[in-house]
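What the coordinates show
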Amino acid sequence: MKHITRVSVISTGTVRIRPEHVETNGTPRLWWLSTSRQWTAPRPINVYVIEHERGLVLFDTGQDRRSVTDPSYFPGGVVGRLYHRLAEFDIPEDATLGDRLSAQGYDIADVRYAILSHLHQDHIGGLRELPSSARVLVSRTELASADKRLAVLDGVMREHVRLPGIDWAPVDPAPTADASLAPFTHAHDVMGDGSLLLLPTPGHTAGSLSLLLRSEGLPNLLFVGDLTYDAELLAADRVPGVGERKLLHETTRRVNELVSRAPGAAVLAAHDPAAARLLEAALARQEGRTVENG
């Protein structure tokens, strides 16, 4: 049954990160974060927009523009310096979540669900813009991490997460008998119709979630947040430098096994420069169109 009519991607600016962030070279994170002299080319800060028959759904909410305009947005001291060494953001004036949705013909007031892959700054930046009627889904494990005493050292700034008026919906993926999800054994059905399934994909953070989209007339799409920064690296089991390496490899293998059984499926990450092209190519194949490479 056709529950979803359209899927698109918008980007709330760009970010430059360290090459060791994109793919680990085996060096401990604190070492390369403190010593690396290189940045990647600018990478998108993607938000995926899904038109479901029951309302507008977002996967992640991008980066808050105040992070480049408000000197008090980030922590101070040594921790703040590490945040600034981790990433450099470029967020134009018209790159807020609401502005980018509006440019695609949407009204942010119509967002019914916002799903967060995890709680790092470049995924929760649009929370302040969401309407009070929107439900915000995140794993219960991830939400609990925001309340830890030293959450800021794990990249979670509580003051930008625990905002007044947010309708949190903590997710606990439940056992599933759906053999088509193997090797995943747990999932959360967002709409109750099988079209949007949240899968536990820990590694980047303990509570990271990915979203599997399955709907008539559309290719299978798997939105993976920061499990990878490049779909080709994920396919080769080459993992990022932020997260628990053993768990990243384990989750990556599970994702690759799932995708291998769904011809035409696309893996869409939060900061993959190829993501928009991969999405368009997957949609075009489903519709029997061709798209130019580039």
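It should be noted that the structure appears before, not after, this text.
Reference entry: report on the structure contained in this document. Going along each chain's sequence as written, the residues are numbered from 1 onward. At least 70 in pLDDT is required for a residue's local features to be given in this predicted model, at least 80 for side-chain atom pairs to be given and counted, and no such filter applies to totals for whole chains, interfaces and linings, which use all residues. Only heavy atoms go into the side-chain values, all of them from the structure, while hydrogens and water stay out.

1. Considering unusual backbone geometry
Note: most peptide bonds trans; most residues except glycine with negative phi. Here Ala182 and Pro183 are connected by a cis peptide whose omega angle stands at 15 degrees. Secondary structure follows DSSP: runs of H or I at least 4 residues long count as helices, runs of E at least 2 residues long count as strands, and numbering of each begins at the N terminus. Along the chain, the position of Pro183 falls in the loop between strand E8 (174-175) and strand E9 (186-189). Phi is positive for Asp60, which is not a glycine, with a value near 70 degrees. With respect to the secondary-structure elements, Asp60 resides in the loop between strand E3 (55-59) and helix H3 (66-69). Buried residues are those whose accessible area, probed at 1.4 Å on protein chains only, stays under 20% of the maximum for their type, while exposed residues exceed 50% and partly exposed ones sit between those limits. On the basis of relative accessibility, which here comes to 1%, the residue Asp60 falls in the buried class. The backbone of Asp237 shows a phi angle near 60 degrees, a positive value even though the residue is not glycine. Note that Asp237 resides in the loop between helix H9 (231-235) and helix H10 (245-260). Relative accessible area serves as the criterion here: at 23%, Asp237 is assigned to the partly exposed category.

2. Quick look at helix H11 (residues 275-287)
Expected helix span is given by 1.5 Å per residue-to-residue step, counting one fewer step than there are residues. Here H11 contains 13 residues, and its C-alpha end-to-end distance of 18 Å stays within 8% of the 18 Å for a straight helix at 1.5 Å per residue. Taken together, the buried positions of H11 are occupied by Ala275, Leu279, Ala281, Ala282, Leu283 and Ala284. Of the residues trailing H11, Gly288 is marked for its positive phi of about 80 degrees.

3. Notes on the environment of Leu278
Note on placement: Leu278 falls in helix H11. On the basis of relative accessibility, which here comes to 25%, the residue Leu278 falls in the partly exposed class. Between the alpha carbons of Leu278 and Thr40 there is a distance of 20 Å; along the sequence they are 238 residues apart. The contact rule is simple, with two residues in contact once any of their heavy atoms fall within 4.5 Å. Those residues in contact with Leu278, other than ones at most four positions away along the chain, are Ala231, Ala266, Val267, Leu268 and Asp272.

4. A closer look at the pattern of salt bridges
Here a salt bridge means any side-chain nitrogen of Lys or Arg lying within 4 Å of a carboxyl oxygen belonging to Asp or Glu. Tallied over the full model, the rule gives 12 salt bridges. Linking Arg6 and Glu51 is a salt bridge whose minimum nitrogen-to-oxygen distance equals 3.6 Å. A residue pair is termed long-range when its members are at least 10 positions apart, and Arg6 in strand E1 (residues 4-17) and Glu51 in strand E2 (residues 43-52) qualify at 45 residues. Owing to a relative accessible area of 32%, Arg6 belongs among the partly exposed residues under this scheme.

5. Brief notes about the sheet that holds E2
Strands pair, by our definition, only if DSSP identifies at least two bridges between them. The sheet built from seven strands is open, its strands ordered E4-E1-E2-E3-E5-E6-E7 with mixed pairing. This sheet does not close on itself; its edge strands, each paired only once, are strand E4 (87-90) and strand E7 (167-171). Taken pair by pair, the neighbouring strands of this sheet meet at an average axis angle of 30 degrees, ignoring direction. The sheet contact formed by E1 and E2 spans nine bridges and is antiparallel. Of the residues in E2, the one forming a bridge with Ile4 is His52. In this fold helix H4 (residues 77-86) packs onto E1 and E4, with an angle of close to 65 degrees to the strand it touches most, E4. Lines fitted to the C-alpha atoms define the axes, with helices restricted to the stretch that makes contact. Angles between their N-to-C directions range from 0 to 180 degrees. Of the strands in this sheet, E1 and E2 touch H11, which is tilted by about 165 degrees from E1.

6. Some remarks on the pairing of E1
Across four bridges, the pairing between E1 and E4 is antiparallel. Bridge pairing links Thr14 to Asp90 in E4.

7. What to know about the packing of aromatic side chains
Classification of ring pairs rests on two measures: the distance between centres of Phe, Tyr or Trp rings, Trp counted by its six-membered ring, which must be within 6.5 Å, and the angle between planes, read as stacked under 30 degrees, edge-to-face over 60 and tilted in between. By the definition in use, this model includes four aromatic pairs. Centroid distance Tyr48 to Phe223: 4.8 Å. Interplanar angle 45 degrees. Geometry classified as tilted. Placement of the pair is Tyr48 in strand E2 and Phe223 in strand E12 (residues 221-225), with a sequence separation of 175 residues. The two residues Tyr48 and Phe223 agree in class, both being buried. The interplanar angle of 50 degrees and the centroid separation of 6.0 Å between the aromatic rings of Phe74 and Tyr83 together place this pair among those described as tilted. An aromatic cluster is built from Tyr48, Phe59 and Phe223, whose rings are joined through pairwise contacts. Counted as over-ring charges are cases with an Arg CZ or a Lys NZ within 6 Å of the ring centre that also lie within 35 degrees of the ring normal. The cationic tip of Arg18 hangs over the ring face of Trp39; the distance from NZ or CZ to the ring centre is 3.6 Å. When the ring centre of Phe184 is taken as origin, the NZ or CZ atom of Arg254, which lies over that ring, is 4.9 Å away.

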